[in-house]
Amino acid sequence: MKYSTFNELIKLDNNKKYIYNSLSNCLLQIEDDMYSKFESLSSDSSSLNVSNMDTKILNKLSEFKIFTENDEVEIDRLHMHMLASRFDATRMNLTIAPTRACNFNCTYCYEVFRPAEHMTKNTEDKILDFVKKSNPKKLHITWYGGEPLLKFETIERLSNKLSENGIVFSGMLITNGYLLTKNIISKLGDCEIKSIQFTLDGVESVHDKRRMLLSGGKTYKRILLNITELLKSSVSQNMIIKIRINVDQSNINDYSQVKESLQTKFLQYNRNIVIYPGWVTGETNPDLPCLSKSDISEFTLSNSKSFFPNNSMIECMARHVNSFLIGPNGDLYKCWHNLGNENYKLGNIYDDRLIINDLVLSKFIIGTDPFLHQECRKCKILPYVGVDVQWKGLKISS
C-alpha cells in the first residue's frame, strides 16, 4: 500500500483542507491531523504505515485511490479503457467539408490560401460506399468548411442518401451563421442536424472588424437575426445551440458582457443554448494578441461557476481509428487543422487502398499517446490529457 502520486493537497484561505486524487476524480475534505499525515507522505511515501488506521477509513481511502497498491497498475487500467475506446470500430465520426470556399475573411483564419473546391455528387456516392463498408453501429457527421452552408445542397443530398440506405446518423453543423436562411432552417431536421455551432468575436464593433464578409461587409447583426429565427423554429426544440465567443487579449474583458447580453436576448425561447469562450492562441494565430496559458487559467477561475474536472478520457477524432475528415475532393485527414495540407493527407476516398500514408496515421493513433511516455505517466493531470496536448504531441513526434 502506498500514497498515490496522483494526490494533491489543497488548503483554502478559510483554513479548510482537502485532498484530491485525479485517478478517481475524488475530492475529500479532511481534518488537520489527516492533512499533516498526508503532507508528510507526499514528501516521503515510504513512511506510510496503515497498521493502526481504522479499517473503514483505510477502505475508503483505498476506494478513492488515495492509497493504492501500485500507481502503475492504476495507470495501465486507465490506458486500457482509453485504448478500448480508441479502437472501437462500431462507431464512426466523420467531419465532412462540402466546400473549402468561405464567404468570410476572418483576420485569424488558419485555412488561408484555400481553393474554392466543392464536393461533387460522385464524391458523395464514394462517401456513402465508405460508410456502408464500415457498417458502424453509430455514425456522427460534423459538417465543416470553409463555410458548409455555401453548399447546403451537398449536405441535403448526402444526408438523404444515407437515410435512404437505412443508415442511422446524427449531425452537427459548424457555421458562421450568415447564410442560415429560413429555408435552410426548415430542412435541418431532415438532415438529422442535432447541434449547431456559431462563432462571434465579442461585441458588435469588434466582431465586425474581425469576422467580416469577403467584401468587407459587416456580419454581426445578420448572424444574430439568423440565430433568432432558428430559436423561433420548432426544429431547434431538441437541438443544442452552441455559441462560441472567440477571446484574445484585445477583447477578453468583453466576454462577460457579450455572454450576458446573449443569454438575456435568447432566454425567452427556452432552448438548449451553450455559450462558451474560444481561446485564440499562438498555435495558429502568432500575429494576434493571443492568450497565454496563465491568461486562460486566470480567466477560467474568474468566470466559471464550476470547473470540477471531468476525467471521462474522451479523445478527439484524430486518435480514433474509425474517424476521419473528408475534404471536398475526397482527401482523407485525421484532424480539422490539416484540411488541404498534403503533409498530413492519409489518402483519398477514391483510392482502392484508402490509407496510403500509414506513417501519419500511426503518429496520430499511437505517437501522441501520453501513456507511452514515462514523463507523462508521472503527471498528476494525466487523466485529463485532452486534444491540446495530443496535437502538441503529434507535432513533437513529427
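Our subject is the structure that appears above.
Source: prediction; values computed, not measured.

(A) Spotlight on the overall build of the chain. If you tally the helices and strands in the chain, you get 13 helices and 14 strands. With the C-alpha coordinates aligned to their principal axes, the bounding extent of the chain is approximately 70 × 50 × 40 Å. For the chain, with 398 residues in total, the buried portion stands at 45%. Considering only contacts in the chain between residues 6 or more positions apart, those separated by 24 or more positions represent 67%. When the accessible surface of the chain is summed, it comes to about 20,400 Å², and 51% of that surface belongs to carbon and sulfur atoms. Computed over 49 positive and 46 negative side-chain charges, the inter-centroid distance for the chain is 4 Å.

(B) Layout of the sheet that holds strand 4 (residues 26–30). Here we have 3 strands laid out as an open sheet, ordered 2-3-4, and antiparallel in their pairing. Each of the sheet's edge strands pairs with one partner strand only, and the pair in question is strand 2 (7–11) and strand 4. Taking the axes of each pair of neighbouring strands and ignoring which way they run, one obtains an average angle of 25° across the sheet. Relative to strand 3 (residues 17–21), strand 2 is paired through 5 bridges, and the arrangement is antiparallel. If you follow K11 over to strand 3, its bridge partner there is K17. Helix-sheet contacts for helix 1 (residues 32–43) involve strand 2, strand 3 and strand 4, and the interaxial angle to strand 2 is about 135°.

(C) Examining the sheet that holds strand 12 (residues 323–326) more closely. Ordered by their spatial adjacency, 9 strands build an open sheet running 11-10-9-8-7-6-12-13-14, and the pairing between neighbours is mixed. Of all the strands in the sheet, just strand 11 (272–279) and strand 14 (347–348) have a single pairing partner and so form its edges. Sheet topology places strand 7 (residues 138–143) next to strand 8 (residues 169–174); 5 bridges connect them, and they run parallel. By the bridge assignment for strand 8, T142 is matched with M172.

(D) Molecular detail of unusual backbone geometry. Looking along the chain, the bond that leaves G145 and enters G146 is cis, with omega of 10°. By secondary structure assignment, the location of G146 is in the loop between strand 7 and helix 5 (152–164). At N15, a residue that is not glycine, the phi angle is positive and equals roughly 75°. Within the chain, N25 stands out as a residue other than glycine whose phi angle is a positive 60°. Within the element layout of this structure, N25 appears in the loop between strand 3 and strand 4. For N25, a relative accessible area of 17% puts it in the buried group.

(E) Representation of the pairing of strand 3. Of all 5 residues making up strand 3, 5 are buried, and the element is well covered by its neighbours. Side chains K17, I19 and N21 project from strand 3 onto one buried face, and the interleaved Y18 and Y20 project onto a second face that is buried too. Sheet topology places strand 3 next to strand 4; 5 bridges connect them, and they run antiparallel. Across the sheet, the residue bridging to I19 is L28, located in strand 4. Where strand 3 folds back onto strand 4 in an antiparallel hairpin, the turn is made up of 4 residues, including N25, whose phi is positive at roughly 60°.

(F) Structural context of the pattern of salt bridges. Under the definition given, this model contains 24 salt bridges. A salt bridge links K151 to E153, with the shortest nitrogen-to-oxygen separation between them at 3.5 Å. Taking the relative accessible area as the measure of exposure, E153 reaches 34% and is therefore partly exposed. Beyond isolated ion pairs, a larger network of salt bridges with shared partners links E124, D125, R157 and K161.

(G) Representation of the nonpolar core. In this structure, L94, L188, L230 and L262 are the most contacted members of the largest nonpolar core, which totals 68 residues. The leading source of residues in this core is helix 8 (residues 220–232), at 6 residues. With near-sequence residues (within four places) excluded, L262 lies in contact with L200, L224, I243, I245 and I275. In terms of nonpolar packing, the next biggest core, distinct from the first, is built from 15 residues, C26, Y35, F38 and L48 among them.

(H) Geometry of the packing of helix 4 (residues 121–134) against helix 5. Interhelical geometry of helix 4 versus helix 5 gives an angle of 35° and a closest axis separation of 10 Å. In the crossing of helix 4 with helix 5, the sense of the turn from one axis to the other is right-handed. In contact with K121, E124, D125, I127, L128 and V131 of helix 4, helix 5 contributes T154, R157, L158, K161 and L162. Classifying every residue of the contact of helix 4 with helix 5 by side-chain character gives 5 nonpolar, 1 polar and 5 charged.

(I) Quick look at helix 2 (residues 55–63). N-capping of helix 2 is provided by D54, with a side-chain oxygen placed 2.9 Å from the backbone N of K56. Looking one or two residues past helix 2, K65 carries a phi angle of roughly 65°, positive in sign.

Definitions and limits used
Residues numbered from 1 in each chain as written. Predicted model: local features only at pLDDT ≥ 70, side-chain atom pairs only at ≥ 80, totals over all residues. Heavy atoms only, no water. Helix = DSSP H or I, 4+ residues; strand = E, 2+ residues; numbered from the N terminus. Buried < 20%, exposed > 50% of the residue type's maximum accessible area, 1.4 Å probe, protein only. Contact = heavy atoms within 4.5 Å. Areas by Shrake-Rupley, 256 points an atom, 1.4 Å probe, with all protein chains shown as cover. Lys, Arg positive; Asp, Glu negative; His and termini not counted. Charge placed at Lys NZ, Arg CZ, Asp CG, Glu CD. Pairing = 2+ DSSP bridges. Axes fitted to C-alpha atoms, helices over the stretch in contact; angles between N-to-C directions. Salt bridge = Lys/Arg side-chain N within 4 Å of Asp/Glu carboxyl O. Core = buried A, V, L, I, M, F, W, Y, C linked by side-chain atoms within 4.5 Å. Left-handed = near helix turned anticlockwise from the far one by under 90°. Nonpolar A, V, L, I, M, F, W, Y, C, P; charged D, E, K, R; others polar. Polar contact = N/O pair within 3.5 Å; in protein donor to acceptor, adjacent residues only side chain to side chain.

Fair warning: the whole summary comes from geometry, so function is off the table for now.
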